[in-house]
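# Coordinates in review
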Amino acid sequence: MDPQTLPSMFDDVERVLVSEQEIHDRIVALAEEMNAIYSDEDLPILVCILKGAFMFLADLTRHLQFRHEVDFMEISSYGAGTTSSGVVRILLDLASSVDGRHVVIVEDIVDTGHTLDYILRNFAARNPASVRVATLLNKPSRREIEVPVDFVGFEIPNAFVMGYGLDYAEQYRNVPYIGVLKPEVYQEGTED
Ligand code: IMP
């Protein structure tokens, strides 16, 4: 669809941080890294952390050459605003058991690290054979708790970003690139 047909939504974007082409090229490279590590026999489960990682998972999985399964987990750590509520909750749990399985957590962004830390501790209790983490975006300057990340798409500066699955107040997930909204858009929204 021509973005010009949705002028109001795209008018809210101040700047593009990572373009569609850059996202595509980096995901192909990340998939190559993963193709070098996993084989069909490993049969890993890619766990997509909803909602933000749905687009990343969908594109990543198409470039993987080993057999794998996908599963979904919905985690809530943010409300309507741009600052973490500090409370992490599981809204939807996995459909499958990961006991004895190789797991790849697929995240949209690691910011303070609290969400991923919670997820990793939760998975450790499920007795997986291994756990690795793939995140499209990483904001290392914001880290409050150390978390291991194995595959990183892009390290980005300390700015609240949206698009390519990431939301602001549940909107803008369909924007095909990673962008920063104009300050007035955040000011109009409700902080939690
Ligand atoms: P953390 O617990 O602070 O690391 O935050 C992780 C979660 O917060 C991510 O999975 C996102 O859902 C959300 N988040 C963090 N930073 C951003 C951002 O810049 N834009 C949109 N969502 C974000």
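Residues numbered from 1 in each chain as written. Predicted model: local features only at pLDDT ≥ 70, side-chain atom pairs only at ≥ 80, totals over all residues. Heavy atoms only, no water.

## What about the pairing of strand β8 (residues 178-181)?
Of the two faces of β8, the one holding Ile178 and Val180 and the one holding Gly179 and Leu181 are both buried throughout. Bridge count for strand β1 (residues 13-18) against β8 is four bridges, and the pairing is antiparallel. When the bridges of β8 are listed, Val13 appears paired with Leu181. (Buried < 20%, exposed > 50% of the residue type's maximum accessible area, 1.4 Å probe, protein only. Helix = DSSP H or I, 4+ residues; strand = E, 2+ residues; numbered from the N terminus. Pairing = 2+ DSSP bridges.)

## Some remarks on the pattern of salt bridges
If you walk through the whole model with that rule in mind, you get 12 salt bridges. Put simply, Asp111 and Lys139 hold a salt bridge, and the shortest N to O gap is 3.6 Å. Taken as a pair, Asp111 in the loop between β5 (102-110) and α4 (114-124) and Lys139 in the loop between β6 (130-138) and β7 (151-155) lie far apart in primary sequence, 28 residues in all. Here Asp111 and Lys139 have matching classes, each one buried. Salt bridges here are not isolated pairs; linked through shared partners, they connect Lys51, Asp167, Glu170 and Arg173. (Salt bridge = Lys/Arg side-chain N within 4 Å of Asp/Glu carboxyl O.)

## Section: the site of the ligand
Surrounding the ligand, one finds 17 residues, the nearest of these being Asp108, Thr112, Gly113, Thr115 and Val161. Interatomic distance of 2.8 Å between a side-chain N/O atom of Asp108 and an oxygen atom of the ligand. One of the side-chain N or O atoms of Lys139 is found 3.0 Å from an oxygen atom in the ligand. Coverage of the ligand by the protein amounts to 92% of the 490 Å² it exposes when considered alone. If you list the elements that add at least two residues to the shell around the ligand, you get β3 (69-78), β5 and α4. (Near = heavy atom within 4 Å. Polar contact = N/O pair within 3.5 Å; in protein donor to acceptor, adjacent residues only side chain to side chain. Areas by Shrake-Rupley, 256 points an atom, 1.4 Å probe, with all protein chains shown as cover.)

## As for the pairing of β6
Note: β5 against β6, eight bridges, orientation parallel. Along β6, the bridge assignment pairs Val106 with Ala134. You can see the chain leave β5, run along α4 and come back into β6, and the turn it takes is right-handed. Pairing of β6 with β7 involves four bridges; the strand directions are parallel. In the strand pairing of β7, Asn138 is matched with Glu155. (Right-handed = clockwise from strand over helix to strand, strands pointing away.)

## Observations concerning unusual backbone geometry
Leu50 connects to Lys51 through a cis peptide bond whose omega is 0°. Mapped onto the elements, Lys51 comes out in the loop between β2 (45-50) and α3 (54-61). Residues other than glycine seldom take positive phi values, yet Tyr164 does so here, at roughly 50°. As for its position among the elements, Tyr164 is in the loop between β7 and β8. By relative accessible area, Tyr164 is classed as buried at 5%. You will see that Tyr172, though not glycine, has its phi angle at about 75°, which is positive. Tracing the backbone shows Tyr172 in the loop between β7 and β8.

Purely geometric numbers; function is a separate question.
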